[in-house]
Amino acid sequence: DDPMEEAWMDSLSRAELPKQRSNAFPPSAANTKTLRFKQDKVHDFAWFADKRFVVRSSEVVLPRSGRTVKTYALFTPKNATLWADAVSYVNESVRFYSDWVGDYPYEVCTAVDGTISAGGGMEYPMITIIGDMGDKLSLDQVIAHEVGHNWFYGMLASNERDHPWMDEGMNSFFEQRYMDTRYPGQLALDIQGLPIKLLPKGQGPSFRMQNELMYRYNARRNWDSPTASASTAFTEADYGTTVYAKFALIFDQLRASLGEALFDSCTHAYFNEWAGKHPQPGDVRASYERTSGKDLGWCFGELIGTADKPDVKARKLKNGELTYRSTAVDGFPFPVTAWNRTDSIGTVWIDGKSGRHTIALPWPNATRIRIDDAARTLDIDRRNNEVRSSGLLKRARLPEIKFLAGLERDDRRSIYWSPAIGYNTHDGFMAGLALHNTTF
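Anyway, here's the lowdown on the structure attached to this text. (Residues numbered from 1 in each chain as written. Predicted model: local features only at pLDDT ≥ 70, side-chain atom pairs only at ≥ 80, totals over all residues. Heavy atoms only, no water.)

## What about the sheet that holds strand E7 (residues 321-326)?
Where strands meet in a sheet, backbone hydrogen bonds hold them as pairs that are either parallel or antiparallel.
Then comes step 1: One open sheet holds the 3 strands; their spatial order is E6-E7-E10, and the pairing between them is antiparallel. With partners counted over all chains shown, the strands left at the sheet margins are strand E6 (312-318) and strand E10 (355-360), one partner each. Each neighbouring strand pair of the sheet contributes to a mean axis angle of 20°, computed without reference to strand direction.
Then comes step 2: Strand direction decides the pairing type here: E7 and E10, joined by 6 bridges, are antiparallel. When the sheet's bridge partners are listed, Tyr324 is paired in E10 with His357. (Pairing = 2+ DSSP bridges. Helix = DSSP H or I, 4+ residues; strand = E, 2+ residues; numbered from the N terminus. Axes fitted to C-alpha atoms, helices over the stretch in contact; angles between N-to-C directions.)

## Considerations on the environment of Trp349
Then comes step 1: Counting through the fold element by element, Trp349 comes out in strand E9 (residues 343-351).
Then comes step 2: Assessed through its relative accessible area of 28%, Trp349 is described here as partly exposed.
Then comes step 3: Distance from Trp349 to Lys136, taken between C-alpha atoms, is 37 Å for residues 213 residues apart in sequence.
Then comes step 4: Once residues within four sequence positions are removed from consideration, Trp349 is found in contact with Gln253, Ala256, Ser257, Pro333, Phe334, Pro335, Arg376 and Thr377. (Buried < 20%, exposed > 50% of the residue type's maximum accessible area, 1.4 Å probe, protein only. Contact = heavy atoms within 4.5 Å.)

## Considerations on the sheet that holds strand E15 (residues 428-436)
Then comes step 1: Across the sheet, 3 strands lie side by side as E13-E14-E15; this open sheet has mixed pairing. Only two strands of the sheet have a single neighbouring strand rather than two, namely strand E13 (400-403) and E15. Neighbouring strand axes in the sheet, compared pairwise and without regard to direction, differ in orientation by 35° on average.
Then comes step 2: Alignment of strand E14 (residues 414-424) against E15, held across 9 bridges, turns out to be antiparallel. Residue Ala420 lies in a different strand from E15, and its bridge partner there is Gly432.

Laid out in structure tokens, this is it:
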């Protein structure tokens with residue numbers, strides 16, 4: 001907290017971006033100075049220095065308290081173009097997390113450009129170091145994730161080794177929410193850049209769907225561990241697909257089922273009660289259940305506590321009554337969307353029950369329903385989620401026939417085909433056709 005040092009940093013921030021993008025080290029100055037850093041309510045710290053740093057400083061006003069937080073982005077000349085707007089990413093991260101989780105309590109937040117071997121970035125209280133990123137979208141995403149750790153690893157001080165979902169998992173959900181809020185409709189992956197065109201032009205997975213594809217990769221093979229496992233129980237791939245991707249989906253389903261306002265109230269209550277107190281898993285569940293007034297065993301028990309893969313199947317639709325079969329525990333919520341012919345007539349959330357059940361829907365004139373039409377639950381297979389009240393093949397659509405390969409569809413089976421050539425000494429060469437139903 002040195003006014004002269006802050007004024008010097010602000011003066012550096014006003015300088016133009018360097019025209020030379022060389023990362024060569026300049027000569028050291030002959031004189032030295034001493035800086036003293038002091039901060040309470042932290043359980044870790046880091047400090048970075050580089051003579052080449054380009055500085056950008058800014059401020060962000062917290063949406064709830066109105067406090068002002070000083071922000072910095074420090075980057076090397078080589079990455080100046082990529083990092084030119086990075087301080088705004090720090091601002092938005094602090095602003096959104098403060099709104100959704102709880103007020104950022106510190107005076108400063110900084111992102112640093114650096115070469116590291118710890119993945120995309122590494123978090124510390126008030127400061128994060130970010131690895132090499134290929135584009136501004138990825139840089140914004142990684143900065144948001146690492147800044148977000150200030151809340152779960154930092155202020156709440158959760159133990160990532162024992163309960164990684166309480167830190168990496170919860171933070172990954174808010175990272176997903178941040179990206180879908182900042183970039184609505186943005187594709188998470190440049191699918192069209194792949195040699196095989198998996199999707200029609202202009203289509204690709206959202207940030208949520210990217211997490212779902214990662215989750216399915218292990219879950220469909222039963223290679224996944226229970227989400228609540230300690231960090232040592234996961235393989236390297238499973239740690240990413242379960243702790244990061246699956247947990248983001250779990251809390252996305254919780255948010256969708258509770259509604260955004262109630263979900264945010266639950267998160268605020270948890271943060272305000274447990275910031276700085278090292279909460280345990282039971283404390284998270286108790287706080288969310290107390291604030292929501294609901295039994296959330298389906299979330300904290302089945303989806304977090306086990307490796308179960310719930311599957312909800314639509315079986316029959318007659319006179320506005322839906323018959324479904326669920327492999328999930330009682331209380332597993334799912335949305336039902338209805339149509340009358342081609343007109344959508346509404347969506348309602350159901351607190352499902354395990355087994356086969358029939359429920360009355362609010363639309364006696366519904367001719368078609370689909371469970372989880374917007375893909376907001378952990379339903380492992382949505383290809384059995386639709387049923388019509390009349391006609392042939394009430395529970396199925398004709399399969400998609402597609403050349404070579406593709407991503408799984410939610411509304412129907414797929415059959416992929418490709419030419420095949422066979423040979424044996426009796427028949428010689430033979431032309432044929434190869435058929436399969438799964439690419440990824």
